[in-house]
Amino acid sequence: MPSELDTIDLKILNLMQQDASLSTAELAERVGLSQSPCWRRIQRMREEGYIKSQVVIVDRLKLGYHMQMFAQVKMTRLSESERADFVRQIQGIPEILECYTVFGEMDVMLKVIAPDVMWYQEFIFSTLLKLPGVVDVRSIVTLVEMKSTTAVPLKTRKPR
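Predicted model only: the values in this text are computed from it and were never measured.

Engineer: Please give an account of the overall build of the protein chain that cites residues and values.
Structural biologist: Regarding its fold elements, the protein chain presents five helices and four strands. The secondary structure elements of the protein chain, listed N-terminal to C-terminal, are α-α-α-β-α-β-β-α-β. For the protein chain, whose C-alpha radius of gyration is 20 Å, the value lies well above the compact-globule estimate of 15 Å for 160 residues. With the principal axes as the frame, the protein chain shows a C-alpha extent of 55 × 40 × 35 Å. By residue count, 28% of the 160 residues in the protein chain fall in the buried class. In the protein chain, the share of contacts with a sequence separation of at least 24, taken over all contacts with a separation of at least 6, comes to 65%. Surface accessibility of the protein chain: about 11,600 Å² in total, with carbon and sulfur atoms responsible for 54%.

Engineer: Requested: an account of the packing of aromatic side chains, with residues and values cited.
Structural biologist: Under the definition given, this model contains two aromatic pairs. The interplanar angle of 15 degrees and the centroid separation of 4.9 Å between the aromatic rings of Trp 119 and Phe 123 together place this pair among those described as stacked. Taken together, the positions of Trp 119 and Phe 123, both in helix H5 (residues 117–126) and four residues apart, correspond to about one turn of that helix. The partly exposed category is assigned to Trp 119, whose relative accessible area is 28%.

Engineer: Can you tell me about the nonpolar core, naming the residues and giving the values?
Structural biologist: Within the largest apolar cluster, 21 residues are counted, with the highest numbers of intra-cluster contacts made by Phe 86, Ile 96, Leu 110, Val 112, Tyr 120, Leu 128 and Val 137. Elements with a contribution of two residues or more to this core: strand S1 (67–75), helix H4 (80–91), strand S3 (108–114), H5 and strand S4 (134–141). For this core, the leading source of residues is S1, giving five residues. Every residue in contact with Phe 86, bar those within four places of it in the chain, is listed here: Met 75, Leu 78, Val 108, Leu 131, Pro 132 and Val 134. Counting residues in hydrophobic clusters, the runner-up holds 12 residues, among them Leu 13, Leu 15, Leu 27 and Cys 38.

Engineer: I'd like to hear about the side chain of Lys 111, residue by residue, with values.
Structural biologist: Examined against the element boundaries, Lys 111 turns out to sit in strand S3. Ignoring any residue separated from it by four or fewer positions in sequence, one finds Lys 111 in contact with Gln 68, Met 69, Phe 70, Glu 95, Ile 96, Leu 97 and Glu 98.

Engineer: How would you explain a nonpolar patch on the surface if you had to name every residue and give the values?
Structural biologist: A contiguous nonpolar patch, built from Val 56, Val 58 and Leu 63 and spanning about 330 Å² of accessible area, is present on the exposed surface. Within the secondary structure, Val 58 sits in the loop between helix H3 (35–47) and S1.

Basis of the calculations
- Residues numbered from 1 in each chain as written.
- Predicted model: local features only at pLDDT ≥ 70, side-chain atom pairs only at ≥ 80, totals over all residues.
- Heavy atoms only, no water.
- Helix = DSSP H or I, 4+ residues; strand = E, 2+ residues; numbered from the N terminus.
- Rg over C-alpha atoms; globule rule 2.2 N^0.38 Å.
- Buried < 20%, exposed > 50% of the residue type's maximum accessible area, 1.4 Å probe, protein only.
- Contact = heavy atoms within 4.5 Å.
- Areas by Shrake-Rupley, 256 points an atom, 1.4 Å probe, with all protein chains shown as cover.
- Phe/Tyr/Trp six-rings, centres within 6.5 Å; stacked < 30°, edge-to-face > 60°.
- Core = buried A, V, L, I, M, F, W, Y, C linked by side-chain atoms within 4.5 Å.
- Patch = residues over 30% accessible without salt bridge, like charges linked within 9 Å, V, L, I, M, F, W, Y side chains within 5 Å.
- Salt bridge = Lys/Arg side-chain N within 4 Å of Asp/Glu carboxyl O.

Written out as structure tokens, the structure is:
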């Protein structure tokens, strides 16, 4: 069972969410610890699952992915094996960055990146509509990204 996070743990997590390239020595200095106790805290938070991974966030625009959209997918009823096949296929499509099951009229929400609208149109017909159980795709094309973060709030705050 994960232990409670104290103020120093939260400071370490906050700093790591801002810049995962900080060394243990830099983190330790910023939170007021020596290097060894800081390293042990980071290891404990990894073992307890608070830290899932450390990654580099790449600029999609520099790589030619000028469009980002949300594809809402309507599904037929799937058997367990068909559902597993759907998930396996989704995992293998790199342009699908995120996938969620959702309540409402549609069943699945996909976050997709694409170089342009023609590519995306072909992607719908050649890829999405051929996935197990997919019967309809509705797309929401994003225009301007006003906020994008991977940082999780470390304390729940009260709504205004």
